[in-house]
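# Residue-level structure breakdown
What follows is the residue order along each chain.
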Amino acid sequence: MSLLFFSSSVDYWVGLVLEREQSPRKRKLYLWASLGTNLALLMFFKYYNFFVDNFVTAFTFFGINISARSLNIILPVGLSFYTFQSMSYGIDVYRRKLKPTKDFVTFLAFVSFFPQLVAGPIERATHLLPQFYIKRNFDYDKAVDGLRQALWGFFKKMVIADNCAVHADMIFNHSSEYTGSTLLLGAFFFAFQIYGDFSGYSDIAIGISRLFGFDLMKNFNFPYFSRDIAEFWRRWHISLSTWFRDYLYYPLGGSRGGVLKTIRNTLIVFLVSGFWHGANWTFVVWGLLNALYFMPLVLSHRNRIHIHGISPGRNLPTFREFLSIVCTFVLVVFAWIFFRAQDLSHALDFVGEIFSSSFFTIPQFEGQYQAVTTLILIVLFVCVEWLGRNEEYAIGKLGLTRGKPYRWAFYGFILFMIGMFMQSNETPFIYFQF
Amino acid sequence: MRHLSFIFNFEMTMKKFLKHTILFALFFLIFYIGMVFVWGVVMPPRFRPNLTYPLGAHGFMHTRIQEVKNTNNVDILFLGSSHAYRGFDTRIFEEKGLSSFNLGSSAQSPIESQILLKRYLSKINPKLVVWEVFPATIEGDGVESALDLIANDKIDYLSFGMAWELKNISLYNNLLFGFFREILGMDRDFEEPKSDGTNTYISGGYVERSLEYWHVKPMPAKRLTINPKQLEALEKAIELIKSQGRDIVLVQAPTTATQYGSILNNTMFDSLMSRQGYYKNYNQILALNDSLHFYDSHHLNQAGVEIFDTKFIEDLKTNNWLK
């Protein structure tokens, strides 16, 4: 709390000073003071041990023994999220896109808005802050819609993500005992675990906020139906991808300035994005892999060919679309292996086994009986998501034209499914650790 | 006027919202209860992981409960987990002139033991209660055993209290399902087989396992963490037994040296149990062989049971536990 209060105080004060100050040099200095404070806190709490350990390893490699000790640091919950939210405020005030608030309490409420404090969506001050000033009337339809979205979020988390987690954990934690086909299945389960977990949290946060009359930005837009990686990144963790686009990629020059600059900027954004997730080389490699997937599209100017809805007006995708969706999904799943692995050698062993002859065996692992049930749940879930793919969230419009008994039975059934399939033990959200 | 109309509007929409929320909650309650019953009857076990309803599934609890209803005035009542119903062979006690009943059940934790005592202690009317306290049961949440109890014993206010205390969705579902089955008499004709080929139920509550030997495997070291809820239930149950003027002995049945040695804070557990009353840890009394006397890392085989029970009866007499 004190950390949150401290960084918020700095950003609030810098915002006021930036408004008054006219000298461009001084304004830049103040902005850097704000960014420096936020990044220093982030660096210390999240990356200190990582850097120390890697420096020691690097020096030892060259035969130089240095004594630097890692510290027992507890990562404050939500640090990466509220730091980025707070930084966007400073930058937007600096760019004069936003008038700074003079109300400290409102600013604190913006930074620590409870539904999205610990795992996003990372809101922009330009979008969320003004909502604290306007008088909010209780809107029945909005409140009901919010609850519906939160309900879907709970389903994603408690039915899909938590059940996938059981199998993904089993396979990833004992990966040396399993064949390539089993490991690939483990990666598949992890793909749905992380999607259900993170997008489920976002749905809950957005839904609860809407209940209170606040609109948060959309964070996921059915990413697993993406037809290429560029589209995937427009649909996955949107609040973070757009943050990097607006505050890092564009200031670096974006795709203006030649091929080399575009390659450099794309690489930087994906590497930083990977590193944002955690102090581990696995995240860096995950970012790098995504950059490699993305690069051909951006260089051939084909990164914006899928900016419209998926199969609009059709019940099923065309064969070509289906093939693109499957290929994109396979690439994403492959990258998730690095995201989930304990370390790089674990990830490489995992991938090595997948690309061995053991891939051509029937998957076998502890709990495979339940895994079939989980697979059936995933298929049902994907069908519902497909039906609602062009809405705000999958069940946004589902059954809305029907009568109340039908709608209530539908909500009741979702709650019943949660009661029937949820795990008994507590399973925290994955993104709480970031 | 505009201000008033805003308040009026706000009140109307909020009232509508609250009214619909309450109505939906009522609707959902009925819907959920109905769905649990239909789902439980129609769906195969694969699609109801939180509605397992283990009727006659393990430990012969159904048969044991049927038998306890016709049991009274015994010398000894055994309580506890599988270590109790697989450790105290009532036939050996009978041979030594001691009548007994074994009310142990799979993973039975103090929360369930307390319920069994409330239901059957006065009826069985034992002179002595021997409670096998396997540390894992005092560490755990007790859900496995609670499910066993719900499916194989009657459902009454104690069952609802237990579910409320354990706060587990699986328990709630099984309780609702079991409640309906009981009302509709669906389990009335259920007959549990007395043997599954490996395990045989012996009249008096003991379960005999065909002779097998454990292949010794190393076990990772661990520390015991006591669940305060279980400790509280244990204390209350002991109070209940004593309040009826009965004696109680707490016993830790022997496990393999490999298993016992893997626990780093056994002394903490011993001192905690000693504070509850008379307590004996047979891991420190008997020197058994990990392979010859056990069929897995913590269950005695029949050869081990005979040694353990003989020694226990000897102690019973020496210490005059059975007054």
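Please refer to the structure placed before this passage.
Notes on the structure follow. Just so you know, these numbers come straight off a predicted model, no measurement behind them.

Parameters at a glance
Residues numbered from 1 in each chain as written. Chains lettered and ligands numbered in written order. Predicted model: local features only at pLDDT ≥ 70, side-chain atom pairs only at ≥ 80, totals over all residues. Heavy atoms only, no water. Helix = DSSP H or I, 4+ residues; strand = E, 2+ residues; numbered from the N terminus. Buried < 20%, exposed > 50% of the residue type's maximum accessible area, 1.4 Å probe, protein only. 1 Å grid on protein atoms, 1.4 Å probe; cavity = no way out; pocket = protein on both sides within 12 Å on 5 of 7 lines; lining within 4 Å. Points joined across faces, edges and corners; volume = space filled by probe spheres on them. Nonpolar A, V, L, I, M, F, W, Y, C, P; charged D, E, K, R; others polar. Core = buried A, V, L, I, M, F, W, Y, C linked by side-chain atoms within 4.5 Å. Contact = heavy atoms within 4.5 Å. Patch = residues over 30% accessible without salt bridge, like charges linked within 9 Å, V, L, I, M, F, W, Y side chains within 5 Å. Areas by Shrake-Rupley, 256 points an atom, 1.4 Å probe, with all protein chains shown as cover. Salt bridge = Lys/Arg side-chain N within 4 Å of Asp/Glu carboxyl O.

### Description of unusual backbone geometry
Residues and elements named next belong to chain B. Within the chain, A107 stands out as a residue other than glycine whose phi angle is a positive 55°. Turning to its location among the elements, A107 is positioned in the loop between strand 2 (100-102) and helix 5 (110-124). With relative accessibility at 27%, the residue A107 sits in the partly exposed group. Here the phi dihedral of N125 falls at roughly 50°; this positive angle occurs in a residue that is not glycine. One can find N125 in the loop between helix 5 and strand 3 (128-132). Classification of N125 by relative accessible area gives partly exposed; the value is 33%.

### Looking at the layout of surface pockets
To find leftover empty space, one rolls a probe the size of a water molecule over the atoms. Counted as a void, the largest pocket has a volume near 830 Å³. Taken together, 44 residues make up the lining of the largest pocket; nearest its centre are Q370 and S424 of chain A together with P49, T52 and L147 of chain B. The biggest single contributor to the lining of the largest pocket is helix 14 (residues 368-387) of chain A, with five residues. Residue classes in the lining of the largest pocket are distributed as 15 nonpolar, 24 polar and five charged.

### Concerning the nonpolar core
Formed by 136 residues in total, the largest nonpolar core has its most connected members in F110, F155, I194, Y224, W236, W336 and Y431 of chain A. Element by element, the count of residues in this core is highest for helix 7 (residues 180-211) of chain A, at 14 residues. Residues within four places of I194 of chain A in sequence aside, it is in contact with S199, Y224, W236, W336, F339, I430 and Y431 of chain A. Core analysis: the second largest hydrophobic core is formed by 49 residues, V68, I111, L121 and V143 of chain B among them.

### Looking at a nonpolar patch on the surface
A cluster of nonpolar residues, M43, F51, F55, F59, F61, F62, I64 and I66 of chain A, forms a patch on the protein surface that exposes about 830 Å² of accessible area. The topology assignment puts M43 of chain A in helix 2 (residues 24-61).

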